[in-house]
Amino acid sequence: MTAQTKTRAGWTLAVTGIALFMTALDNLVVGVALPSIREDLGGSIESLEWTVNAYTLAFAVLLITGAALGDRFGRKRMFIAGVAIFIGASALAALAPSIDALVAARALQGFGAAIVTPLTLTLISEAFPPERRAAALGIWGGISGLGVALGPVVGGAVVEGVAWQWIFWLNVPIGLALIPLASRLLTESRGPDRELDLGGLALAGTGLFGLTFGIIRGEPLGWTSPTVAVSLAAGVALLAAFVRYELRTEAPMLPMRLFRSRAFSATNGLSFAMFFGAFGSIFLLTQFFQTAQGYGAFEAGARTLPWTAMPMFV
């Protein structure tokens, strides 16, 4: 690598790493703030769950879409747009006058994160040569894991030290500093396929929405309720149609040939299982520590570290 290439790669890793940490942190930062949010804004336990679910749902549904938009319109351009959406939604969440407004802002946050997160990966891959790419992607994974692990701790410290609104306000100055840095230091790149796979976007988005919505609503409505059953069945059918469509289209946004690699398939399966367990349990853990055992927000966040930090060591 030349000195100029090394400098560009280093700045790319720094800028995208900060953005990744910011979005990863917000996956779990809200959990420990829910009792304080309930005191200020009211709402049932189900409405409080949606402050977490709205982010997760938007993020899950639009993650592949965010990567595809970057390939089509430019990864640097869409990365900056994603950061702008994320910090704008963070400000709206901090100013939310009601639970419903907070849920809507969290969904918009998830949309911004769904654009930023996959593009951090592609921007890093583009900036580093093949012989150094594995190390860079390892750092990327460590930053993401650190953001997830520290989310409840940071959230607890902010809630106890200032107010719950500041878990969102903190994103704003960081994002405002990142935008000009990204504009100046990142290099624009696009994917090999300039055509936007609209059919794939529609099938993946609606399929993931149906599956995720069915899982979220399964507990309050019952797993055999018509709403949940239809949502899950439709989600599975649409995702199956997505796979079939991607096998036949000339410019797929998710080439099915990648799954011929045993390592690729195993890594995706393992990641799915890990995040299903980690994210599915953290809401209950933080509520149990605060509501049942009477710990403060920071104490509850610190007690989740053995759960959230362990995947980094494993």
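Details of the structure are given in the entry above.
Basis of the calculations
- Residues numbered from 1 in each chain as written.
- Predicted model: local features only at pLDDT ≥ 70, side-chain atom pairs only at ≥ 80, totals over all residues.
- Heavy atoms only, no water.
- 1 Å grid on protein atoms, 1.4 Å probe; cavity = no way out; pocket = protein on both sides within 12 Å on 5 of 7 lines; lining within 4 Å.
- Points joined across faces, edges and corners; volume = space filled by probe spheres on them.
- Helix = DSSP H or I, 4+ residues; strand = E, 2+ residues; numbered from the N terminus.
- Nonpolar A, V, L, I, M, F, W, Y, C, P; charged D, E, K, R; others polar.
- Phe/Tyr/Trp six-rings, centres within 6.5 Å; stacked < 30°, edge-to-face > 60°.
- Buried < 20%, exposed > 50% of the residue type's maximum accessible area, 1.4 Å probe, protein only.
- Lys NZ or Arg CZ within 6 Å of the ring centre and 35° of its normal.
- Expected span 1.5 Å × (residues − 1).
- Core = buried A, V, L, I, M, F, W, Y, C linked by side-chain atoms within 4.5 Å.
- Contact = heavy atoms within 4.5 Å.

S.K.: What am I meant to see in empty space enclosed by the protein here?
M.R.: By rolling a water-sized probe across the atoms, one finds the places where empty space is left. For the coordinates displayed, the defined rule picks out one cavity of 30 Å³ or more. Approximately 50 Å³ is the volume found for the largest cavity. Every element with two or more residues in the lining of the largest cavity is listed here: α1 (3-28) and α11 (262-292). Looking at the lining of the largest cavity residue by residue, the classes come out as four nonpolar, two polar and no charged.

S.K.: Got a minute to help me understand the packing of aromatic side chains in this structure?
M.R.: One pair of aromatic rings is described through two measures. These are the centre distance and the angle between the planes. According to the stated counting rule, one finds eight aromatic pairs in the structure shown. Centroid distance Phe289 to Tyr295: 6.4 Å. Interplanar angle 70 degrees. Geometry classified as edge-to-face. On the basis of relative accessible area, Phe289 is assigned to the buried category, the value being 13%. Feature note: the residues Trp50, Phe209 and Phe213 constitute an aromatic cluster, connected by ring pairs. Note that Arg303 overlies the ring of Tyr295, its terminal NZ or CZ placed 3.8 Å from the centroid.

S.K.: Help me understand helix α4 (residues 75-94) in this model?
M.R.: Residues three or four positions apart in an α-helix share a direction because the helix packs 3.6 residues into each turn. Given a rise of 1.5 Å per residue, 20 residues ought to cover 28 Å, and the 28 Å separating the end C-alpha atoms of α4 matches this to within 8%. For α4, the tally of buried residues reaches 14 of 20 residues, placing the bulk of the element in the interior.

S.K.: Help me understand the nonpolar core in this model?
M.R.: As a rule of thumb, soluble globular proteins bury nonpolar side chains together. Counting residues in hydrophobic clusters, the biggest one holds 27 residues, and the most contacted among them are Val30, Leu34, Ile37, Leu102, Trp164, Ile167 and Phe168. For this core, the secondary structure elements donating two or more residues are α2 (34-41), α3 (45-73), α4, α5 (99-127), α6 (130-161), α7 (166-169) and α9 (198-221). If one sorts the elements of this core by residue count, α3 sits on top with six residues. Beyond its immediate chain neighbours, meaning those up to four positions away, Val30 contacts Ile37, Thr51, Arg106, Ile167 and Phe168. Ranked by size, the runner-up nonpolar core spans 21 residues in total, among them Met22, Phe79, Ala114 and Ala182.

S.K.: Would you take a moment to explain the environment of Ala24 for this structure?
M.R.: Tracing the backbone shows Ala24 in helix α1. Along the primary structure Ala24 and Ala149 are separated by 125 residues, whereas in three dimensions their C-alpha atoms are 9.0 Å apart. If sequence neighbours within four positions are ignored, Ala24 has contacts with Ser144, Gly147 and Val148.

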